[in-house]
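Examination of the molecular architecture
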Amino acid sequence: MNTSAEWRTTKRIAVIPGDGIGLEVIPEAVRILQAAIAKTERKADFVNFDWGAERFLRDGTTLPAGAVEMFRSDFDAILFGAVGDPRVPSNRHAADILLGLRAKLDLYVNARPVELLDASLTPLRDRSEDDIRFVIFRENTEGLYSGLGGQFRRGDPQEIAIQEDVNTRRGVERIIRYAFAYARSRQLGKVLMSDKSNALTFGHELWQRVFAEVRREYPEIEARHLYIDTLVAELVRDPSQFRVIVTCNLFGDIASDLAAQLAGGLGIAPSGNIHPGKVSLFEPVHGSAPNIAGKGIANPVGAVLASAMLCDHLDWGDLGDLLRDAVRAAVRARQTTRDLGGTRSTREVSDWLLEYVTKTRLAT
Ligand code: IPM
Ligand code: MG
């Protein structure tokens, strides 16, 4: 729940569609979210921001000055599409906007829930919905994403490039604690921490020590550890053993793409960049997908499930559940885009979801 929102009766939601298919799926997700909100007495204002490649190429804007303060004081949540465009060298704008917001808003939890909505969607053999249901909590503000490092003798055969892996006591502790608290509040029974402390003997040895400490506060929760290479192998061999996974920034990035594929692919995976009690950012995992942008075939489900997570953050869990139910029903009714084996367009899937949301009674 957002503390600043407690006094704000009309929630304020910032919308940043960004680039590529973000521009196609986010307006659909907003339309569906608005229909869900309209079923209740609740109110939300949506404010659009045009940050992305187009704007960057036009006037050089990435994350404008004052944006972070504005989000902190005037907004409860951000719905984000994707940033990335082949016209921008190394996607400089993307790092500024997305990684900038994650770091500057101190969104230290990157929550990536993985749920098999229908058994037909997994590439694994003989797996049911119950076998693939877990969440990855990725540390989201430090590690190899800290941007600390440099290049020495650039372009020279002797060139040296250094990228530092920053692990702070506070940063490691708060994400591990978040994972245990989450497992406790939902009675999930277990937490797995993954690192590479056998090779990264300074940075990840800290993860080991902090994990050993925090687990003592949660004696009822089974605490387990796997090195990251073993974890990815085990995710493929038997995903049913996992409920809550917590790991560092880069490993979480990689493991969450693999995990998304187990549950139907990047088209349906949502994520939340969260600081509990503060303005937080929700986005589909898929990225801007320039190869299919503008064709009307992008899957809107990732964005819809991200807005369901946004609802949970606003303490509107009933609306989050309604949106998740709608997606589950659409998948079962085979009302899907081609990445899920269907034939529907972005607009057709969205229309179907909108109708489901409009017609279905809200659980009380
Ligand atoms: C993600 C993306 C980003 C990341 C990129 C776009 C910088 O892959 O959200 O998983 O690495 O965090
Ligand atoms: Mg990624």
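Residues numbered from 1 in each chain as written. Chains lettered and ligands numbered in written order. Predicted model: local features only at pLDDT ≥ 70, side-chain atom pairs only at ≥ 80, totals over all residues. Heavy atoms only, no water.

**Comments concerning the site of ligand 1**
Rule in force here: The cutoff for a nearby residue is simple: one of its non-hydrogen atoms must lie within 4 Å of the molecule or strand. Between N or O atoms, a polar contact is any pair within 3.5 Å; within protein, one atom must be a potential hydrogen donor and the other a potential acceptor, and residues adjacent in sequence are included only when both atoms are from side chains. We get accessible surface area from the Shrake-Rupley algorithm with a probe of 1.4 Å; when it comes to residues, only the shown protein chains can shield them. For this classification, Asp, Glu, Lys and Arg are treated as charged, while Ala, Val, Leu, Ile, Met, Phe, Trp, Tyr, Cys and Pro are nonpolar and the rest, including Gly, are polar.
All residues adjacent to ligand 1 are Arg 102, Arg 112, Arg 138, Tyr 145 and Asp 253. Within the side chain of Arg 138, an N or O atom sits 2.8 Å from an oxygen atom of ligand 1. Protein contacts shield 68% of the accessible area of ligand 1, which totals 320 Å² for the unbound molecule. Of the residues contributing to the shell around ligand 1, the split by class is one nonpolar, no polar and four charged.

**Considerations on the domain arrangement of the protein**
Stated precisely, the cut-off is as follows: Note that the domain bounds reflect an automated or database-derived domain assignment. Here, residues are in contact when the closest pair of their heavy atoms is within 4.5 Å. In this description, buried area is defined as the sum, over both parts, of the accessible area (probe of 1.4 Å) that is lost when the two are combined. The rule for a salt bridge is simple: a side-chain nitrogen of Lys or Arg has to be within 4 Å of a carboxyl oxygen of Asp or Glu.
In terms of domains, the protein is made up of domain 1 (1–110 + 268–364) and domain 2 (133–262). In this structure, domain 1 and domain 2 have C-alpha centres spaced 25 Å apart. The interface is formed by 13 residues belonging to domain 1 together with 13 residues belonging to domain 2. Regarding the contact of domain 1 and domain 2, the summed buried area is about 1,000 Å², with carbon and sulfur atoms giving 57% of it. Looking at the side of domain 1 facing domain 2, the largest losses of area belong to Tyr 108, Val 109 and Asn 110, adding up to 51% of the total buried there. Put simply, domain 1 and domain 2 have two salt bridges between them.

**Section: the sheet that holds strand E3 (residues 77–82)**
As a reminder of what qualifies: Here, any two strands with at least 2 DSSP bridges between them count as paired. Runs of E in the DSSP output that reach at least two residues are strands. Runs of H or I that reach at least four are helices, and both are numbered from the N terminus. Structural elements are reduced to axes, namely lines fitted to C-alpha atoms, with helices fitted over the stretch in contact, and the angle between N-to-C directions of any two is expressed from 0 to 180 degrees.
In spatial order, the strands read E2-E1-E3-E12-E11-E4-E5-E10-E8-E9; together these ten strands make up an open sheet with mixed pairing. Each edge of the open sheet is held by one strand with a lone partner, namely strand E2 (43–48) and strand E9 (222–227). Sheet twist, expressed as the average angle between the axes of neighbouring strands with direction ignored, equals 20°. When strand E11 (residues 270–274) meets strand E12 (residues 280–284), the two strands line up antiparallel, connected through four bridges. Within E12, the residue paired with Pro 270 across the bridge is Pro 284. Strands in contact with helix H4 (residues 92–104) are strand E1 (10–18), E3, strand E4 (109–115), strand E5 (133–139), E11 and E12; relative to E12, the strand with the most contacts, it is inclined by about 140°. Along the sheet face, helix H8 (residues 249–262) touches E4, E5, strand E8 (190–195) and strand E10 (244–247) and points at about 155° away from the line of E5.

**A closer look at H4**
Stated precisely, the cut-off is as follows: The span one expects for a helix is its residue count, reduced by one, times 1.5 Å. For the exposure calls, accessible area comes from a 1.4 Å probe over protein chains only, and a residue counts as buried if that area is under 20% of its type's maximum, exposed if over 50%, partly exposed in between.
Over its 13 residues, H4 extends 17 Å from the first C-alpha to the last, a length consistent with the 18 Å expected when each residue adds 1.5 Å. Along H4, the residues classified as buried are His 93, Ala 94, Ile 97, Leu 98, Gly 100, Leu 101 and Arg 102. In the stretch just after H4, Asp 106 is the one whose phi turns positive, near 55°.

**Some remarks on the nonpolar core**
Note the threshold: As used here, the term nonpolar core means buried Ala, Val, Leu, Ile, Met, Phe, Trp, Tyr and Cys residues forming a set that is joined through side-chain atoms within 4.5 Å.
Counting 87 residues, the largest nonpolar core has Phe 134, Phe 137, Ile 176, Phe 180, Val 191 and Leu 323 as its most contacted members. Structurally, this core is a two-domain feature, drawing no fewer than three residues from each of domain 1 (1–110 + 268–364) and domain 2 (133–262). What Leu 323 contacts, discounting residues up to four positions off in sequence, is Ile 32, Leu 33, Ala 36, Val 304, Ser 307, Ala 308, Cys 311 and Val 357.

**Overview of the confidence of the model for the protein**
Cut-off, in case you're wondering: Summary of the metric used: pLDDT quantifies the predictor's per-residue confidence within the range 0 to 100.
The pLDDT averaged across the protein works out to 96; a share of 98% of its residues lies at or above 70. Mean pLDDT across the elements of the protein bottoms out in H4 (94) and peaks in E10 (99).

**Side note on the pairing of E12**
Within E12, five of the five residues are buried, leaving the element largely enclosed by the surrounding structure. Every second residue of E12 is oriented toward a common face, with Ser 280, Phe 282 and Pro 284 on one face and Leu 281 and Glu 283 on the other, all of them buried. For E3 and E12, the ladder comprises three bridges, and the chain directions are parallel. Bridged to Ala 77 within E12 is Ser 280. Where E11 folds back onto E12 in an antiparallel hairpin, the turn is made up of five residues, including Gly 277, whose phi is positive at roughly 80°.

**Digging into the pattern of salt bridges**
All told, the structure shown has 34 salt bridges when counted by the stated rule. Among the salt bridges present, the one from Arg 55 reaches Asp 50, with a minimum N-O distance of 2.7 Å. Overall, Asp 50 belongs to the partly exposed group, its relative accessible area being 44%. Among the charged side chains, a network of salt bridges with common partners joins Arg 169, Glu 173, Arg 177, Glu 213 and Glu 217.

**Describing the pairing of E5**
A regular strand carries its side chains on alternate faces of the sheet. In terms of burial, E5 is largely enclosed, as six of its seven residues are buried. Direction of pairing for E5 relative to E10: parallel, over a ladder of four bridges. Paired with Val 135 across the strands is Val 244, a residue of E10.

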